[in-house]
Amino acid sequence: MSEKFVVGYDGSDVAKRALDFAVSRAKAQGGSILIVHVLEWSPYSFLTPEEIEERHARRTEELERAETALMTPLKSTIAAAGVPVETRIKYGHVAKTLCDVAKKEGATQMVIGRDGDGGLSSRVFGSVAGSLVQVAPVPCTIVP
Amino acid sequence: MTRLVPTAVLAACFTFPAALTASAQSIDETINGIFASSTGWFVNLIFSNFPGTNFPWIVAWLVIAATVFTVYFGVIQFRAFGHAIALVRGDYSDPDDAGEVSHFQALATALSGTVGLGNIAGVAVAIGIGGPGATFWMILAGLLGMASKFTECTLGVKYRNEYANGKVSGGPMYYLTKGFAERGVPGGRFLAILFSIFCILGALGGGNMFQANQAHAQLTNVFGVYPGWITGIVFAGIVFAVIVGGIKSIARVTEKVVPIMGVIYVGTALIIILMNYDMIGWAFGQIFAGAFTGLGVAGGFVGALIQGFRRAAFSNEAGVGSAAIAHSAVRTKEPITEGFVSLLEPLIDTVIVCTMTALVIIITGQLISDPNTGLYLLNEAGTAIRTVGDTSGVALTSAAFSSSIGGFKYVLALAVILFAFSTMISWSYYGLKAWTYLFGESKTQELVFKSIFCLFVVIGASASLGPVIDFSDAAIFAMAVVNIIGLYVLMPIVKRELNSYWSRLKSGEIKKFT
């Protein structure tokens, strides 16, 4: 069974490092890459009436922007490196959504970056990397 | 007719700034004079009583409609209750649709428009006049109102307009037009225009000036007397920043704080009730006894009934049509699911929050009764029950809460201001939708209405505009007259939707995702 790497990607430098790491491993092991971009979203946040009205249009815009700005450039470069690549753009809680995708798509490994900025907010609310350590359904590599 | 009223509103707006330089007193007098003489007939018409009684026909209109819908849809408020909760929890939401507005968000936004001063001040008025028995009738009317909400919100989603840019506009004006056309009933367009006019007036009045006015009253209670225009300008500035400037951060703060305030309010009420746990049985005894005998209140048990019905109708807006506008923007494949979710609104607003206020007032012994007869003592005018501090309205609620938890009046003042603010934001949207229905969807039209809206915040806070507020309350209930005619005509369509959905739910065609 070939390896399938789920990579959490948000366009940041650490995310790029995580992706490079995953691509090099996938190439070595003959595996494939599934890049997942999660847009933070809670169905329990509170919106004004106008935001509710515009939500569908905004969502469509956000998905398009993520596709063209983040995913499309990656697809061609990784495919050029000879690694099969797929992309997903999802809404939800970042760590939970990454795990859901990994389970659903039958991934064998997860790779994410961390910014290592242990500020107050991540102490209080936790970080994506910290959460994944707790809940990841498959082996998870955290790239500094 | 369509152009006439908004033109008058516009003209009024442009003349106000000039007039503001004159003394505030004369502005008040002028506005009061003009409004009272030109709108008094309308207010009297809407709030007039059945001949020979003191029962306002508009209250009967709302309660009868709620009863008809309850019977017609087979007590839908209880049958679909569990399913409504499951929908709000997201059990039936496709994970691939994440990022769209959830049922929870639609409900929370619609609730923030209805939970407000009515729940705090209005209930106190009702209990003060109608006695504890009013609570019983208020709860009953709240439960019945759930069926009205269900009907109007289903229609709101079903007949909304969707535009190419992904935006949606919905509400009674759209189902009156499109639904009537579908059924081949004439007059839909006329009713829609009428509804829109009332909706704009209601939004500027009850949804704006009244809120600003009461928020200022509450501020002066806490901080002492100061000019209303200061509150008005500050409020208008914040409202402007949110609805025109699109400053989401302010909205987001209120968003977070308003539900928290709601929880704090209900939580505090529960604590006070539990602190007096030995009185709970007695309080319910008073509520039931009062509901059927009146316990000495003005008008006997009928007095209690009118107050209770009236408060529920005023508070949860079931049948008014405003919730149909709020809920219509939600993306759902099944319009009826939004109807199910919306039936929770009167439950939360009236049956839970209003009842909490009532229980606290009763349990803390604010109402004075004769120890020998057990009947409530009336004030000198014989219009309301005598209270411990001779208070009424929001001051009565404040006194009741503070008697158990000192200093709660500051929390209450904050709650009143935040509730007023969130109600204004919601009504600015309802008014806007009615405005763009009449004048067309464009950025310019939106800006015109929003600017007028902000101006009315200042006017509402600075002046004591009795007749204006009477008029705008009348306008909100006039919305219900038009809307409920529409609901009667269109209820077979909702029934068809309901039967189709219910059978698919039972057969397992509609499945849970979790």
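Worth saying up front: this structure is predicted, and the values here are computed from it rather than measured. (Residues numbered from 1 in each chain as written. Chains lettered and ligands numbered in written order. Predicted model: local features only at pLDDT ≥ 70, side-chain atom pairs only at ≥ 80, totals over all residues. Heavy atoms only, no water.)

A. Just the overall build of chain B, in detail. A count of helices and strands for chain B gives 21 helices and two strands. Against the globule reference of 24 Å for 514 residues, chain B gives a C-alpha radius of gyration of 22 Å, in line with a compact fold. When the backbone C-alpha atoms are referred to their principal axes, chain B occupies close to 65 × 60 × 50 Å. Looking at the 514 residues of chain B, the share that counts as buried comes to 58%. For chain B, the proportion of contacts with a sequence separation of at least 24, taken over those separated by at least 6, is 81%. When the accessible surface of chain B is summed, it comes to about 19400 Å², and 67% of that surface belongs to carbon and sulfur atoms. Placing the 28 positive and 26 negative side-chain charges of chain B at their respective mean positions leaves the two points 7 Å apart. (Helix = DSSP H or I, 4+ residues; strand = E, 2+ residues; numbered from the N terminus. Rg over C-alpha atoms; globule rule 2.2 N^0.38 Å. Buried < 20%, exposed > 50% of the residue type's maximum accessible area, 1.4 Å probe, protein only. Contact = heavy atoms within 4.5 Å. Areas by Shrake-Rupley, 256 points an atom, 1.4 Å probe, with all protein chains shown as cover. Lys, Arg positive; Asp, Glu negative; His and termini not counted. Charge placed at Lys NZ, Arg CZ, Asp CG, Glu CD.)

B. Region of interest: the interface of chain A and chain B. Opposite the 21 residues of chain A that make contact, chain B presents 32 residues. Contact between chain A and chain B buries roughly 2500 Å² in total, counting both sides, with carbon and sulfur atoms accounting for 56%. Of all residues in chain A, the largest losses of buried area upon contact with chain B belong to Phe46(A), Ile52(A) and Glu53(A), amounting jointly to 32% of the total for that side. Our count for the chain A to chain B interface comes out at five salt bridges. Among the salt bridges present, the one from Arg59(A) reaches Glu100(B), with a minimum N-O distance of 3.5 Å. (Buried area = accessible area lost by both parts, 1.4 Å probe. Salt bridge = Lys/Arg side-chain N within 4 Å of Asp/Glu carboxyl O.)

C. Inspection of the packing of aromatic side chains at higher detail. Residue and element names in this part refer to chain B. For the structure shown, the criterion picks out 25 aromatic pairs over all chains. Between the aromatic rings of Phe73 and Phe150, the centroid separation amounts to 5.3 Å while the plane-to-plane angle is 80°, which identifies the pairing as edge-to-face. Taken as a pair, Phe73 in the loop between helix H3 (57–72) and helix H4 (76–79) and Phe150 in helix H8 (residues 133–158) lie far apart in primary sequence, 77 residues in all. Residue Phe73 is classed as buried on the basis of its relative accessible area of 1%. (Phe/Tyr/Trp six-rings, centres within 6.5 Å; stacked < 30°, edge-to-face > 60°.)

D. Spatial organisation of the nonpolar core. The biggest cluster of nonpolar side chains holds 171 residues, and the ones touching the most others in it are Ile76(B), Phe150(B) and Phe340(B). For this core, the element with the highest residue contribution is helix H21 (residues 466–507) of chain B, accounting for 21 residues. When residues no more than four places from it in sequence are discounted, the contact partners of Ile76(B) are Thr70(B), Phe81(B), Ala147(B), Phe150(B), Phe340(B), Leu343(B) and Leu498(B). The next biggest cluster of nonpolar side chains, apart from the first, holds 19 residues, and it includes Tyr9(A), Ala18(A), Leu74(A) and Val85(A). (Core = buried A, V, L, I, M, F, W, Y, C linked by side-chain atoms within 4.5 Å.)

E. The sheet that holds strand S3 (residues 85–92) of chain A, seen in detail. Residue and element names in this part refer to chain A. With respect to topology, five strands assemble into an open sheet ordered S3-S2-S1-S4-S5, the strand pairing being parallel. Only two strands of the sheet have a single partner each, and these edge strands are S3 and strand S5 (140–143). Pairwise comparison of adjacent strand axes, ignoring direction, gives a mean angle of 25° for this sheet. Judged from the four bridges that link them, strand S4 (residues 109–113) and S5 form a sheet pairing that is parallel. (Pairing = 2+ DSSP bridges. Axes fitted to C-alpha atoms, helices over the stretch in contact; angles between N-to-C directions.)

F. Up close: the packing of helix H6 (residues 103–114) of chain B against helix H17 (residues 344–363) of chain B. All names here are of chain B. It is at 10 Å that the axes of H6 and H17 come closest, and there the two elements cross at 40°. The angle between H6 and H17 falls in the class oblique. For H6 against H17, the interelement crossing comes out right-handed. Across the interface between the two elements, Leu107, Ala110, Leu111 and Thr114 of H6 pack against Leu344, Glu345, Ile348 and Asp349 of H17. Taken together, the residues of the contact of H6 with H17 sort by class into five nonpolar, one polar and two charged. (Parallel < 35°, antiparallel > 145°, perpendicular 65-115°, else oblique. Left-handed = near helix turned anticlockwise from the far one by under 90°. Nonpolar A, V, L, I, M, F, W, Y, C, P; charged D, E, K, R; others polar.)

G. Structural view of the side chain of Ser196(B). Residue and element names in this part refer to chain B. Take Ser196: it is sitting in helix H10 (residues 188–223). Under the relative-accessibility criterion, Ser196 is labelled buried at 0%. Not counting chain neighbours up to four residues away, the residues in contact with Ser196 comprise Met173, Ala434, Tyr437 and Leu438.

H. Geometry of the packing of H8(B) against helix H16 (residues 335–342) of chain B. Residue and element names in this part refer to chain B. Running from N to C, H8 and H16 point in directions that differ by 150°, and their axes come no closer than 7 Å. In terms of crossing hand, the pair formed by H8 and H16 is right-handed. Only Pro335, Ile336, Glu338, Gly339, Phe340 and Ser342 of H16 make contact with H8, whose side of the interface consists of Lys149, Phe150, Cys153, Thr154, Val157 and Lys158. Here the residues of the contact of H8 with H16 are counted per class, giving six nonpolar, three polar and three charged.

Geometry only, nothing functional implied.
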